[in-house]
Amino acid sequence: MQLNLERPDYLYFLRGADGNGALVNDRRLQRSFVIAPNALVEDWPVHDAAAMVPSDLDALLALAPELLVLGTGAQQRFPPAVVMAACLQRGIGIEVMTNAAAARTYSVLAGEGRRVVAGFVFA
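These remarks concern the structure in this document. Quick caveat, the model's predicted, so the values are computed rather than measured.

**Details of the pairing of strand E1 (residues 14–17)**
Logical step 1: Summarising the sheet, E1 and strand E2 (residues 22–24) pair through three bridges and their orientation is antiparallel. Bridging across to E2, Gly16 finds its partner in Leu23.
Logical step 2: Two successive antiparallel strands, E1 and E2, enclose a turn made up of four residues.

Right under this line is the structure:
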């Protein structure tokens, strides 16, 4: 599925994602990354959501989101409770889903002008 909810003031557009990669602007990314409308962090060092630690969220939290979307690959895999709690203790919502669902959700929220940041995990 390709989404096209572009806003002229955004630098990065997530066109879609699956368990093998994502299309950001016109580039295919196949390594874990973090995206916000005006930021792209490539080579995010997370390869398994179930093995995440709270410090893995630093790259996402540095972008000052109101909501985090975590794409965990082809299958939904929740990070440990301590990772979820690290967001909730800061008053930041976190949604965990497959990469394809995360791409759709992120694109809609970004298109609405929400302060959303997404992390996509690739093994």
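**Examining the environment of Ile92**
Logical step 1: Positionally, Ile92 belongs in the loop between helix H2 (81–88) and strand E7 (93–97).
Logical step 2: Given a relative accessible area of 11%, Ile92 falls into the buried group.
Logical step 3: Each C-alpha atom of the pair Ile92 and Leu67 lies 5.5 Å from the other, and the pair is 25 residues apart in sequence.
Logical step 4: Beyond its immediate chain neighbours, meaning those up to four positions away, Ile92 contacts Leu61, Pro65, Glu66, Leu67, Leu68 and Cys87.

**Regarding the side chain of Ser107**
Logical step 1: Within the secondary structure, Ser107 is located in helix H3 (residues 99–111).
Logical step 2: Given a relative accessible area of 7%, Ser107 falls into the buried group.
Logical step 3: A distance of 3.2 Å separates a polar atom in the side chain of Ser107 from the backbone oxygen of Leu14.

**Description of the environment of Ile35**
Logical step 1: Looking at the secondary structure, you find Ile35 in strand E4 (residues 33–36).
Logical step 2: Judged by its relative accessible area of 0%, Ile35 falls in the buried class.
Logical step 3: In this structure Ile35 touches Tyr12, Leu14, Val24, Leu40, Tyr106, Val116, Val117, Ala118 and Phe120, once residues within four positions along its chain are discounted.

**Some words on the pattern of salt bridges**
Logical step 1: Overall, the coordinates contain five salt bridges when judged by the stated rule.
Logical step 2: With its nearest N and O atoms 2.8 Å apart, the salt bridge here joins Arg27 to Glu42. Separated by 15 residues along the polypeptide, Arg27 in strand E3 (residues 27–29) and Glu42 in the loop between strand E5 (39–41) and helix H1 (58–61) bring together distant segments of the chain.
Logical step 3: Glu66 is the salt-bridge partner of Arg114, the closest N and O atoms lying 2.9 Å from each other. You can see Arg114 sitting in the loop between H3 and strand E8 (116–120) and its partner Glu66 sitting in the loop between H1 and strand E6 (67–71), a full 48 residues away along the chain.
Logical step 4: Taking the relative accessible area as the measure of exposure, Arg114 reaches 35% and is therefore partly exposed.

Parameters and conventions
Residues numbered from 1 in each chain as written. Predicted model: local features only at pLDDT ≥ 70, side-chain atom pairs only at ≥ 80, totals over all residues. Heavy atoms only, no water. Pairing = 2+ DSSP bridges. Helix = DSSP H or I, 4+ residues; strand = E, 2+ residues; numbered from the N terminus. Buried < 20%, exposed > 50% of the residue type's maximum accessible area, 1.4 Å probe, protein only. Contact = heavy atoms within 4.5 Å. Polar contact = N/O pair within 3.5 Å; in protein donor to acceptor, adjacent residues only side chain to side chain. Salt bridge = Lys/Arg side-chain N within 4 Å of Asp/Glu carboxyl O.

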